[in-house]
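# Results of the structural survey
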Amino acid sequence: MLQLTNKQILLGITGGIAAYKAAEVVRRLQDAGATVRVVMTAGAQKFITPLTLQALSGNPVHCDLLDPEAEAAMGHIELARWADLVLVTPASANFMARLTQGQADDLLTTLCLATTAPVAIAPAMNQAMWKDPATQHNIEQLIARNIAIFGPDQGSQACGDIGPGRMLEAQHIAQLAAQQFQSNALDGVKITITAGPTREAIDPVRYISNHSSGKMGFALAQAAVEAGAAVTLIAGPTSLPTPERVTRIDVESAEQMHQAAIGQLSQCDIFIGAAAVADYRPVAIAEQKIKKSADSMTIELTRNPDIIAAVASHEDRPFTVGFAAETENVTGHAQGKLKRKKLDLIIANDVSNQAIGFNSDDNQVQLIWKDGDETLALASKQQLSRTIIDKIQQQFANSRSGHQVIT
Ligand code: PMT
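Nothing here was measured: the structure is a model prediction, and the numbers come from that model. (Residues numbered from 1 in each chain as written. Predicted model: local features only at pLDDT ≥ 70, side-chain atom pairs only at ≥ 80, totals over all residues. Heavy atoms only, no water.)

## Points about empty space enclosed by the protein
Evaluation of the coordinates by the stated rule reveals one cavity of 30 Å³ or more. There is about 30 Å³ of room inside the largest cavity. Those elements giving two or more residues to the lining of the largest cavity turn out to be helix 10 (215-226) and helix 14 (381-401). If you tally residues by element for the lining of the largest cavity, the top one is helix 10, at four residues. Of the residues that constitute the lining of the largest cavity, the class distribution is two nonpolar, two polar and three charged. (1 Å grid on protein atoms, 1.4 Å probe; cavity = no way out; pocket = protein on both sides within 12 Å on 5 of 7 lines; lining within 4 Å. Points joined across faces, edges and corners; volume = space filled by probe spheres on them. Helix = DSSP H or I, 4+ residues; strand = E, 2+ residues; numbered from the N terminus. Nonpolar A, V, L, I, M, F, W, Y, C, P; charged D, E, K, R; others polar.)

## Re the sheet that holds strand 18 (residues 362-369)
The strand order 12-11-8-13-16-17-18-19 describes an open sheet built from eight strands, whose pairing is mixed. Whereas interior strands pair on both sides, the edge strands pair on one side only; in this sheet they are strand 12 (246-250) and strand 19 (372-380). Averaged over all adjacent pairs, the angle separating strand axes in this sheet is 20 degrees, with direction ignored. Bridging between strand 16 (residues 319-326) and strand 17 (residues 345-350) involves six bridges; their strand directions are parallel. Its bridge partner lying in strand 17, Ala325 is registered against Asn349. The strands that helix 13 (residues 330-340) touches are strand 16, strand 17 and strand 18; relative to strand 17, the one it contacts most, it runs at about 150 degrees. (Pairing = 2+ DSSP bridges. Axes fitted to C-alpha atoms, helices over the stretch in contact; angles between N-to-C directions. Contact = heavy atoms within 4.5 Å.)

## Brief notes about the pattern of salt bridges
Across all of its chains, the model carries 18 salt bridges by this definition. A salt bridge links Arg281 to Glu255, with the shortest nitrogen-to-oxygen separation between them at 3.3 Å. With Arg281 in strand 14 (residues 280-282) and Glu255 in helix 11 (residues 254-264), this pair connects stretches of sequence that are 26 residues apart. On the accessibility criterion, Glu255 (41% relative accessible area) is partly exposed. Here Arg400 ties to Asp269 by a salt bridge, and the two come within 3.5 Å at their closest N and O atoms. One end of the pair, Arg400, is in helix 14; the other, Asp269, is in the loop between helix 11 and strand 13 (270-273), and 131 residues separate them in sequence. (Salt bridge = Lys/Arg side-chain N within 4 Å of Asp/Glu carboxyl O. Buried < 20%, exposed > 50% of the residue type's maximum accessible area, 1.4 Å probe, protein only.)

## Description of the sheet that holds strand 3 (residues 85-91)
The five strands are arranged 2-1-3-4-5 in an open sheet whose pairing can be described as parallel. The two strands at the open ends of the sheet, each matched to only one other strand, are strand 2 (35-40) and strand 5 (148-149). Bridge count for strand 1 (residues 8-13) against strand 2 is six bridges, and the pairing is parallel. Among the inter-strand pairings, Leu11 is bridged to a residue of strand 2, identified as Val38. Lying on the sheet, helix 1 (residues 22-31) is in contact with strand 1, strand 2 and strand 3; it crosses strand 1 at an angle near 175 degrees.

## A word on unusual backbone geometry
Note that the residue after Thr89, namely Pro90, is joined by a cis bond; omega there is 0 degrees. Here Pro90 shows up in strand 3. Omega for the peptide link from Gly151 to Pro152 comes to 0 degrees, which places this bond in the cis form. Assignment of secondary structure puts Pro152 in the loop between strand 5 and strand 6 (153-156). The phi dihedral of Arg245 is positive, around 65 degrees, even though this residue is not glycine. By the element assignment, Arg245 lies in the loop between strand 11 (230-235) and strand 12. What makes Arg245 partly exposed here is its relative accessible area of 48%. In the Ramachandran plot, Asn359 falls in the positive-phi region, its phi being about 60 degrees despite a non-glycine side chain. Looking at the element boundaries, Asn359 is found in the loop between strand 17 and strand 18.

## Let's talk about the domain arrangement of the chain
Each domain of the chain was delimited in the assignment, giving domain 1 (2-178) and domain 2 (190-400). The interface of domain 1 with domain 2 comprises ten residues on the first partner and nine residues on the second. Taken together, domain 1 and domain 2 are joined by two salt bridges. Where domain 1 meets domain 2, there are five residue pairs in polar contact (both at pLDDT 80 or more). Residue composition of the side of domain 1 that touches domain 2, grouped by class: three nonpolar, four polar and three charged. (Domains from an automatic or database assignment. Polar contact = N/O pair within 3.5 Å; in protein donor to acceptor, adjacent residues only side chain to side chain.)

Below, the structure written as structure tokens:
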């Protein structure tokens, strides 16, 4: 079954008769769960109208690089950052030549340069144009730059010729798009991830908590499943939907999260602590709602168990990855936690910046381990999670083979 749940696909359409089939591609991507935004070149608009694509995608269609109105709504850099995948279908010979040369002379080519997301193209053109050495040379260059080429198919063409150059069918393109997100790097590996906040009850209606939304941990769970892992997600209170193929255990308090985490250890190769666990809880929980009386009140707190430290010291210790939420001296404090909690890897984020960290859609992190560190660029939590999972997989594999290298 096609899996594109929560994926954001920027669909580029270039000028060619196959542009009409792009409408069907939008539908097939959406059927698989993707959100689609469409970018059209001037040539594409001669074959199919932006209105059609707007109605189908449910989003405004982007056509011009130098359109102040469109830039004010969602600028080209934002659009490039939004995409989990840039998919150009159909890709004309002219577009492929401009892409090969790294030109940025319209919105679509500019986005292809500006995005850090993978780029895939589905070529469609006359069979002689496809076979031309110039086009074949361009294809080789694009493949060398890790651009995925979907097709083309063989068969009868709109111009009456027969041969290679037909665009793949929409369903086939959607299947290949879904495959871009799958890897087998974590096949057979069991991962437990904690996510979200904990709630520490004061009385039946009040609690102590924090601003964690769970987005980071849930995105990691999804990325780990896409890499082939069997994932258990221990989630504090959050309204986020469970990523497909993830086993979810819901908890409220740090003590419940601690119990659930320890309960997973006999079946866990990698543990990732992305939850924002309350360090303290009230010593006593009032049985009835506390009534307002004095001008001030004091709540006595006691330390919660340090879940990740307990996991890392356990006899069935998995490869253990923590997060560090810091507001100052981010690297220094994270290094301290790496050592004190006996972690294999820590992922530091600066939560003083409201655009990243708690409850934001984006994050920017620094990975720190015993002999090194690596900073990852600002990206959506979904995109970032794929890179983080890749890095964790490399470190995990190295730890099993006795090396400590990250690339
Ligand atoms: O959920 P989001 O809104 O997407 O926000 C993401 C995030 C900012 C919560 C996430 O990226 C993050 O930084 N998570 C860790 C938050 C945190 O509690 O950091 P800390 O520095 O206080 O704790 C260090 C590590 O110890 C963490 O792995 C934490 O899960 C763990 N811990 C902390 C206390 C405790 N009692 N038990 C723990 O296991």
